[in-house]
Protein chains: 2
Amino acid sequence: MRILILGGDGYLGWPTALHLSDRGHDVAIGDNFVRRQYDHEMGVESLVPIAPLHTRIRAWHEHTGRLIDTFVADLTDAHATFDMIDRFRPDTIIHFAEQRAAPYSMIDREHAVYTQYNNVIGTLNVLYAIKETDPDIHLVKLGTMGEYGTPNIDIEEGWLELSHKGRTDRVLYPKRPGSFYHLSKVHDSHNIEFACRVWGLRATDLNQGVVYGQQTPQTALDDRLATRFDYDAIFGTVLNRFVVQSVLGEPLTIYGEGGQTRGVIDIRDTVECLRLTSEQPADRGEFRVFNQMTESLSITQIAETIANISPDPVKIEHLENPRVELENHHYNVVHHGLVELGLEPHLLSDTLIDSLFAITRRYAHRARPDAMLPTIEWRKPSSKISN
Amino acid sequence: MRILILGGDGYLGWPTALHLSDRGHDVAIGDNFVRRQYDHEMGVESLVPIAPLHTRIRAWHEHTGRLIDTFVADLTDAHATFDMIDRFRPDTIIHFAEQRAAPYSMIDREHAVYTQYNNVIGTLNVLYAIKETDPDIHLVKLGTMGEYGTPNIDIEEGWLELSHKGRTDRVLYPKRPGSFYHLSKVHDSHNIEFACRVWGLRATDLNQGVVYGQQTPQTALDDRLATRFDYDAIFGTVLNRFVVQSVLGEPLTIYGEGGQTRGVIDIRDTVECLRLTSEQPADRGEFRVFNQMTESLSITQIAETIANISPDPVKIEHLENPRVELENHHYNVVHHGLVELGLEPHLLSDTLIDSLFAITRRYAHRARPDAMLPTIEWRKPSSKISN
């Protein structure tokens, strides 16, 4: 298949590109490199050094003989977006190309507006480009488990069969997201469902949990193929950040009580979910939703897992929660869909965490410990990025 | 109370400003006049001539001795928005200032993107300005009944108590809107609910039905106080358009079967709902939703009402439906909230329609009959505005 990966230079986009190229698909990457620019703004870098995209692609070609095409395009530029899709003519578009950090969206008004503008308008432009060039293209869109929030009922896969006053309907699962970033994905989901319903497009919305890990078999081939590893309080996902804190001898910082429970997924499962979804597309007119996570863990459970495995003594510290979120809540998520497509989950295992420790130790000298402390406060209209 | 009316130069914003000023409130209007600019783009004008805002305000002062302050600001300009709110320091902000026509949003990509950008980012800027200047300000935001679509269950007022697998929760009512415009209001609702939940703002979302009528006691005082009357297929609401078609001897054009049922409301009730809502604000942290409509009618029922009252013979014509919507569906809407605040609805009565016929006859020479035929096709990615 011809697969265009938007945001293919990012944390997950890049390993997905390699995984799909490895499986014989014709892969192209679209990116505007804005994720690398955020590093300059934040004053923090990926713990693992990452090569420029052209170097990455050359290294992949050296190792495998396979070519990955590239397009430099900003999705908020409708003409560039249309042109990229018209030239590559993909069967599938995998869309990672959004600002993806909740704290980044909560820095201040400018960052909230940027996040919603970038994400919502970018996706609208992709929908129009699909409709105008080839409505048969399957859009695989990265959503987030954070779209649902933490409702007091079980979380279904995107849709809900409900009864009310003796009548029934199948509706989009009600959302209660926890940041302007998560809201941007809720907006996307509504826009995409509409495009499927009115234009007959085909789309899969992947509501992904918190991803952990840094390596896939392909990225491990060569240092030049490494993907980014964010450990800071803004872009670093919680498990990765805890590993770095433990290696640096810093306390693992839990926000509030730590009873917050989230769906999590191994990076190797992420890239496999993208393959399975791409190879088994949604039907025309179908807005298909999967909950892309393999297990649920509370923040305390994640911290304790890291503390137990770490060879060094680890301290756990509770900080005042900078976010507004429930710290003790019901959390039961249906996530059968991707398993039915063939996913064989890697559950959180010592093996993976061992490799994370090794990677972290190798690059520990690059870490800036203060970048791991939260600075963005949900209750304030603006926060400073650095302490 | 000090009440700032955003979009106060528009069809409903202007009569609302006069109604609230008449009741003794200190009213200011914020507008960027873009609604007048759409007229130039569409090549069609309000059937009833409207005076420039400064003339309107002078006329109101002549008649009543009351002053209405004005701010020229585009809500997508965050600094202008902040400055306006900081200078006027309202108790209540009534927010009509959005692109409000579903067909306009479906013209093509540019208009879809414009609509979502203008509406969603404008409202985000208002939320931030409230949070930054005075979080006690009550935001009264115009939503639309079209946010709900036509679900197979009864439509509640914004929230839904639901049971699922033996557990219960109160959630935002699931939405299935029918255009990129309606989607923009769904996005707004989610953003506003979040701001109430996280920042403790107070907001009322008014999901308004299709408004009919053109006069209120205040606008009828003087021709210079008239509000706009749109009859074209893009901005004209259906009942108003049918009246104009009947007066011009044109057939009333029903899209498809005509079983589409919508909530409707008299313009005099709209302005009263805004008064009642402003004077009885939501609590801090509350996201309050009312369904601002007084009765449900199918398009066929609306056409037959007009045909029965018209002194001239009226033909009803069914056109192929340019929209994607159910033409026969369940529609049962809860709309108690505003009645509990004190609304005494004007139901669709001959009296009002008589006055609409009189207004239309007076200005019939200004009508462009071809502008009443639909040109915007939902199933196409782009349509021409004129036939």
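Just so you know, these numbers come straight off a predicted model, no measurement behind them.

Some words on the nonpolar core
Of all hydrophobic cores here, the largest spans 184 residues; its most connected members are Leu4(A), Phe180(A), Phe242(A), Leu4(B), Phe180(B) and Phe242(B). Among residues more than four places away in sequence, those in contact with Phe180(B) are Leu124(A), Tyr128(A), Asn191(A), Phe194(A), Trp199(A), Ser105(B), Met106(B), Ala112(B) and Gln116(B).

Some remarks on the interface of chain B and chain A
Each side of the interface is counted separately: chain B has 58 residues, and chain A has 58 residues. In total, about 5,300 Å² of surface goes out of reach between chain B and chain A, with carbon and sulfur atoms giving 63% of it. Of all residues in chain B, Arg109(B), Tyr128(B) and Arg176(B) bury the most surface against chain A, accounting for 13% of the area lost on that side. At the surface where chain B touches chain A, the tally comes to two salt bridges.

Observations regarding the sheet that holds strand 1 (residues 2-6) of chain B
Backbone hydrogen bonds hold the strands of a sheet together, and the pairing may be parallel or antiparallel. All names here are of chain B. Taken in spatial order, the seven strands make up an open sheet running 3-2-1-4-5-8-12, and their pairing is parallel. The sheet is open, and its two borders are formed by strand 3 (69-72) and strand 12 (287-292), each paired with just one other strand. With strand direction ignored, the average angle separating the axes of adjacent strands in the sheet is 20 degrees. Set on the sheet, helix 9 (residues 267-279) makes contact with strand 1, strand 4 (92-95), strand 5 (138-144), strand 8 (202-208) and strand 12; between it and strand 5 the angle comes to about 145 degrees.

Notes on the pattern of salt bridges
For the structure on display, the rule yields 58 salt bridges over all chains. It is possible to trace a salt-bridge network through shared partners that takes in Arg35(A), Asp39(A), Arg100(A), Arg228(A) and Asp230(A).

Some points on the sheet that holds strand 9 (residues 210-212) of chain B
Residue and element names in this part refer to chain B. Strand order in the open sheet formed by three strands is 9-11-13, with mixed pairing between adjacent strands. Every other strand in the sheet has two partners, leaving strand 9 and strand 13 (295-298) as the edge strands with one partner each. Each neighbouring strand pair of the sheet contributes to a mean axis angle of 45 degrees, computed without reference to strand direction. Of the pairings in the sheet, the one linking strand 9 to strand 11 (residues 261-266) comprises three bridges and is parallel in character. Bridged to valine 210 within strand 11 is valine 264. Running over the sheet, helix 10 (residues 299-309) touches strand 11 and strand 13 and is turned about 85 degrees from strand 13.

Describing the environment of Arg58(B)
Within the fold, Arg58(B) resides in helix 3 (residues 53-64). Among the residues examined, Arg58(B) registers a relative accessible area of 48% and is labelled partly exposed.

Procedures and definitions
- Residues numbered from 1 in each chain as written.
- Chains lettered and ligands numbered in written order.
- Predicted model: local features only at pLDDT ≥ 70, side-chain atom pairs only at ≥ 80, totals over all residues.
- Heavy atoms only, no water.
- Core = buried A, V, L, I, M, F, W, Y, C linked by side-chain atoms within 4.5 Å.
- Buried < 20%, exposed > 50% of the residue type's maximum accessible area, 1.4 Å probe, protein only.
- Contact = heavy atoms within 4.5 Å.
- Buried area = accessible area lost by both parts, 1.4 Å probe.
- Salt bridge = Lys/Arg side-chain N within 4 Å of Asp/Glu carboxyl O.
- Pairing = 2+ DSSP bridges.
- Helix = DSSP H or I, 4+ residues; strand = E, 2+ residues; numbered from the N terminus.
- Axes fitted to C-alpha atoms, helices over the stretch in contact; angles between N-to-C directions.

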